[in-house]
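Breakdown of the fold
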Amino acid sequence: MIGLFSVVVAKFLNTLRFNDFIYVIGNSRYLKIYSKDQKFIDQFDSVLFINLSVSLSIFTYFAYSTFVSPLNFELVSFLKLLFAVSTIIIIKTLLERLIGSLFEIDSMIDDYLFQKTTFKNYSGLLFFMANLFLLYTKYSAEIVLIIAFTMVCIINFVGFLISYKSYQKSINPNFFYFILYLCALEIGPYILLYKVIREYNV
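Scope of this entry: the structure provided in the associated data block.

Rules behind the numbers
- Position numbers for residues count from 1 along each chain, tracking the sequence in the order it is written.
- Predicted model: local features are reported for residues with pLDDT of at least 70 only, side-chain atom pairs are reported and counted for 80 or more only, and whole-chain, interface and lining totals are derived from all residues.
- Calculation of side-chain values draws on the structure's entire complement of heavy atoms; hydrogens and water are dropped beforehand.
- Numbering goes from the N terminus for both helices and strands, where a helix is a DSSP run of H or I of at least four residues and a strand is a run of E of at least two.
- Multiplying one less than the number of residues by 1.5 Å gives the expected span of a helix.
- In this scheme, a residue with accessible area under 20% of its type's maximum is buried, one over 50% is exposed, and one in between is partly exposed, where area comes from a 1.4 Å probe on protein chains only.
- Summarising the geometry, the arc corresponds to the directions from the helix axis toward the C-beta atoms.
- Nonpolar side chains (Val, Leu, Ile, Met, Phe, Trp, Tyr) are joined into patches within 5 Å and like charges within 9 Å, using only residues with over 30% relative accessible area and no salt bridge.
- For every accessible area listed, the method is Shrake-Rupley and the probe measures 1.4 Å; residues are considered covered only by the protein chains on display.
- Put simply, a salt bridge is a Lys or Arg side-chain nitrogen that is within 4 Å of an Asp or Glu carboxyl oxygen.
- Ring geometry is summarised as follows: Phe, Tyr and Trp rings, the Trp one being its six-membered ring, pair when their centres sit within 6.5 Å, and such pairs are stacked at plane angles under 30 degrees, edge-to-face over 60 and tilted between the two.

We now examine helix 1 (residues 2-13). Between its terminal C-alpha atoms helix 1 stretches 16 Å, which fits the 16 Å expected from 12 residues at 1.5 Å a residue. What helix 1 keeps buried is the set G3, S6, V7 and A10. Viewed end-on, helix 1 has its buried residues packed into an arc of 95°, placing them on one side of the element. Pointing more than 90 degrees away from the buried face of helix 1 are the exposed residues I2, F5 and F12.

Encoded structure:
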């Protein structure tokens, strides 16, 4: 209900932007138009972030329970997971903004983060729909989880390619640092989140 409410509020706040957002895959209109008006704290993205955090936490709960170790739902455990997911995403974004300021590439980092945030929030919609199947239907949880995860990976890979193409001239001469960045800030936080979940369950 929280995820659904967040999506409805986002559409209510800016219906035109929401409609453009829905078609962001395969259409660069949204990225071109709204990247110019981005703010440090964007109301539209913030509301969709709530859905992303809640939906990703529920999806992670199901995935862990299905593929690693069966879990009985406990509100306290879920709230801790939700806190961990939200905190990691927020800290990761703030670190990237800090790096942009340190290296005086704020404009490029802001555009890059806008693109990443857009595709993450879009992934949140997919997680939300997957959770509906997991919670309210009798479809195989394994199949739903695999299909949803695959689609999210494809969406974020498309977003990665768009970002790489946009900044290819800047990345190629510094490819080693680009790989270092991917390992430290793109892959590392999710490994950390997985370890936190494993340790908590143990």
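From this point, things continue past the structure.
Let us now look at a nonpolar patch on the surface. Together, I91, L95, L98 and L102 give the surface a local cluster of nonpolar side chains, amounting to about 380 Å² of exposed area. Looking at the secondary structure, you find L95 in helix 5 (residues 75-102). Accessibility expressed as a relative area gives 38% for L95, which makes it partly exposed.

Under the criterion given, the structure shown has 11 aromatic pairs. Their ring planes at 15° and their centres at 5.8 Å tell us that Y30 and F114 sit as a pair that is stacked. Within this pair, whereas Y30 is found in helix 3 (residues 29-34), its partner F114 is found in helix 6 (residues 106-136), the two being separated by 84 residues in sequence. The exposure class assigned to Y30 is buried, which follows from its relative accessible area of 1%. With 5.7 Å between their ring centres and 65° between their planes, F133 and Y139 make a pair best called edge-to-face. For F133, a relative accessible area of 39% corresponds to the partly exposed category.

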